[in-house]
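Chains, contacts and geometry: an overview
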Amino acid sequence: MIDLRPSRRLPVVEILPPVSAGRDAALPSDDRLTEFRPEDVALPSFFVWTLGCQMNRSDSEEMAGRLLAAGCPEAATLEGADLIVINTCAIREAAEAKVVGRQGYLATLRDRNPALRVVLTGCAVRELDRGRLPRRYPAVDVFLRPDEEPEIVERLGLASAQASVGIASGVDTARTTIVNRTVVSAADLLPGTRAAAVAAGAVHRGSSISAWLPIVYGCDKTCTYCIVPLTRGPERSRPFDDIIAEARALAAAGYREVTLLGQNVNSYGHDLPPEARFAHVDTERSVGRRLDRAARPDLAELLAAVDGIGDGAGRPAIPRLRFLTSHPWDLSDRLIDAIAGRPSVCEHLHLPIQSGDDAMLRRMGRQYTVEHYRGRVERLRAAVPGIAVSTDVIVGFCGETDAQFRATLRLLEEMRFDQVFAAAFSPRPGTPAALLPDDVHAAEKRRRLNELLALQEGIGLDRNRAWLGREVEVLVDQASSPASHDHEGEPGAADAVAAEPDETAAGPEKGHGDGERPPEAPGPGEARLAGRSREGRLVHLVGDPGLVGALVRARIVHAGPYSLRGRLA
Ligand code: SAM
Ligand code: SF4
Ligand code: F3S
């Protein structure tokens, strides 16, 4: 049956906040509580500005849900809000600069609305930098680390008897620990506060078709360039049953696609206690730090359990299951078997390689070799024929020679990735690499980045052409009127689809479709549609706008480097 529900999207903006639909606050359902209803006039309307990765989008959904549950209405625009929540990204200097550069504008808004409060959260808020933040972000009133986000309502003094969700009074959620001799969040309460938010319905999902489901917070890896372990703390897995409960709720709500989230989603479970019911789990890690994973749940076990939630007719209730991001250390044979054997698990793996040179990988602290990576992908492709593999690459890392960069280009030619998200190295304060000389000049980084993207454009086109004439399943998640695509051929005008896996990098999601105006114009009652194939490819279609939310079959009639065009089959 066709799902006619409209798609709701959280306001997720990179530069200029768009107009969102706005939402009303949750009201008490019991009439006897009406007199205790929060006064709309007394509670601030809020707007969440989200930058960065899927984890941030998911966190923003939870913050929006908590604010709505507290009685705060959502403002349609940043300008119309009394409370602006900025969920920042710090993966590269440019990501932080976007918010630093908006401080003057925020000050202007405060001049117009003296009641305005600005909360800054996300990865730019690091324990180490607490003292320096007010100078860097003068327009901000309250700073919350990512692990403090569940407290947003309480910290702003907006909590009422009906609003507190899973934050016991007196609980110190802001505990810290040490990573690389740096004080970071311990964040060990996050799994529990998430479960409470889900149980209370205080997660306001941006889509009614695809849902994010965080399964592990933080990162235990030691990549020398990366700020994430310092911003999000060590890995903490959510309890297995909490995740299954959330997945069941998503299935019951009719979600068609669920993406399990974590910085290292495939290390899920190593920090959970062993249990007899997982006695058969014997995931071995062949590289990196040895972990005792025996009898603990792993990602393969989770995929099997979510896939096993049935629709009553013997099919998985959630037809599409994805997971992001995997680390080559932890890509176990059990996980490969689960991708191959579980029908709902999509035929796409995002597996960052970062460099095609072993010496660079060592300096980056990645702890695997090109050979190990190659072996994993070979095994994966043998087990799941036709699987799409995408990756991340950093160019111009400290000391990268031209020969080492060329090794990365050669690896791209050899591996023939379906998508590559590439970025120039950006030194991050507090990371081990910040102590190394950043000796590849900015212009040279840019040149290498462009050369790599040009090479990948050709590979992507070849990979996409292989789909010509074939039929694919598309989960339609967008419809737009013909008028809104008047400039479809212009760079940046089309393919405005949720960026993944890392929207702060340059890659296909930043691309502009296949650079051609689709020949088919929508007929009466039709719209331009877009969605993803199971392999994660963007497919443009023309058809009934009521198909948004439906899984349809389409025959591919055109292939560009970044997207496909199909006809409904
Ligand atoms: N956990 C994932 C992994 O194993 O690689 C990726 C997480 S990170 C949010 C996304 C990507 O950002 C990385 O894969 C890397 O390519 C890129 N990245 C991280 N730190 C960077 C830096 N300092 N400069 C440039 N790119 C960076
Ligand atoms: Fe960063 Fe490495 Fe952790 Fe990925 S695995 S989040 S790149 S430290
Ligand atoms: Fe950015 Fe933090 Fe994600 S640094 S990419 S928002 S984990």
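Scroll up a little and you will see the structure.
This text gives an overview of the structure that appears in the document.

Parameters and conventions
- Residues numbered from 1 in each chain as written.
- Chains lettered and ligands numbered in written order.
- Predicted model: local features only at pLDDT ≥ 70, side-chain atom pairs only at ≥ 80, totals over all residues.
- Heavy atoms only, no water.
- Helix = DSSP H or I, 4+ residues; strand = E, 2+ residues; numbered from the N terminus.
- Buried < 20%, exposed > 50% of the residue type's maximum accessible area, 1.4 Å probe, protein only.
- Contact = heavy atoms within 4.5 Å.
- Near = heavy atom within 4 Å.
- Nonpolar A, V, L, I, M, F, W, Y, C, P; charged D, E, K, R; others polar.
- Pairing = 2+ DSSP bridges.
- Axes fitted to C-alpha atoms, helices over the stretch in contact; angles between N-to-C directions.
- Salt bridge = Lys/Arg side-chain N within 4 Å of Asp/Glu carboxyl O.
- Core = buried A, V, L, I, M, F, W, Y, C linked by side-chain atoms within 4.5 Å.
- Domains from an automatic or database assignment.
- Phe/Tyr/Trp six-rings, centres within 6.5 Å; stacked < 30°, edge-to-face > 60°.

Before going further, it helps to examine the overall build of the chain. Helix and strand counts for the chain stand at 14 helices and 19 strands. Within the chain, buried positions represent 57% of all 569 residues. For the chain, the proportion of contacts with a sequence separation of at least 24, taken over those separated by at least 6, is 76%.

Every residue close to ligand 3 is listed here: Cys-53, Asn-56, Thr-88, Cys-89, Ala-90, Ile-91, Cys-123, Val-228, Arg-232 and Gln-263. Grouping the amino acids of the shell around ligand 3 by side-chain chemistry returns six nonpolar, three polar and one charged.

The next subject is the sheet that holds strand β19 (residues 564-568). The five strands are arranged β15-β16-β17-β19-β18 in a closed barrel whose pairing can be described as mixed. Here the strands of the sheet are splayed against their neighbours by 50° on average, with no regard to which way each runs. With five bridges joining them, strand β18 (residues 551-559) and β19 adopt antiparallel strand pairing. Within the sheet, the bridge partner assigned to Ala-554 lies in β19 and is Leu-568.

Enumeration over the complete set of coordinates arrives at 46 salt bridges. Two residues, Glu-246 and Arg-238, come together in a salt bridge whose shortest N-O distance is 2.7 Å. An identical accessibility class is assigned to Glu-246 and Arg-238; each is buried. Salt-bridge contacts for Glu-471 lead to Arg-555; the nearest nitrogen and oxygen are separated by 3.3 Å. Placement of the pair is Glu-471 in strand β15 (residues 471-480) and Arg-555 in strand β18, with a sequence separation of 84 residues. Salt bridges here are not isolated pairs; linked through shared partners, they connect Glu-93, Glu-96, Arg-126, Asp-129, Arg-132, Arg-136 and Arg-428.

On to the sheet that holds strand β14 (residues 419-424). Strand order in the open sheet formed by three strands is β12-β13-β14, and the pairing between neighbours is parallel. In this open sheet, the two edge strands, each paired with only one partner strand, are β12 (348-350) and β14. When the angles between neighbouring strand axes are averaged without regard to direction, this sheet yields 15°. Bridge count between strand β13 (residues 388-395) and β14: six bridges; the pairing is parallel. Its bridge partner being in β14, Thr-391 is matched across the sheet by Val-420.

Attention now moves to the nonpolar core. Of all hydrophobic cores here, the largest spans 60 residues; its most connected members are Ile-215, Leu-260 and Phe-323. Looking at which element gives the most residues to this core, the answer is helix α8 (residues 240-252), with six residues. Formed jointly, this core draws a minimum of three residues from each of two domains, domain 1 (6-25 + 38-346) and domain 2 (347-463). In contact with Leu-260, other than residues within four places in its own chain, are Leu-213, Ile-215, Val-265, Leu-299, Leu-303, Leu-321, Arg-322, Phe-323 and Leu-324. The next biggest cluster of nonpolar side chains, apart from the first, holds 23 residues, and it includes Leu-109, Val-125, Tyr-137 and Phe-143.

Now for the packing of aromatic side chains. Tallied over the entire structure, the rule returns six aromatic pairs. For the pair Phe-240 and Phe-278, a centre-to-centre distance of 4.9 Å together with 65° between the ring planes defines the contact as edge-to-face. Taken together, the positions of Phe-240 in helix α8 and Phe-278 in the loop between β10 (257-261) and α9 (299-307) put the pair 38 residues apart, joining distant regions of the chain. Residues Phe-240 and Phe-278 agree in their burial class; the two are buried. Ring geometry for Tyr-368 and Tyr-373: centres 6.3 Å apart, planes at 35°, overall tilted.

Attention now moves to unusual backbone geometry. Cis geometry marks the peptide bond from Leu-324 to Thr-325; its omega dihedral reads -10°. Along the polypeptide, Thr-325 turns up in the loop between β11 (320-324) and α10 (333-341). With phi around 75°, Gln-354 is a residue other than glycine that occupies positive phi space. For Gln-354, the position within the fold is in the loop between β12 and α11 (358-363). Backbone geometry at Gln-367 places phi at a positive 70°, although glycine is not the residue there. Its location among the elements puts Gln-367 in the loop between α11 and α12 (370-383). For Gln-367, a relative accessible area of 42% translates into the label partly exposed.

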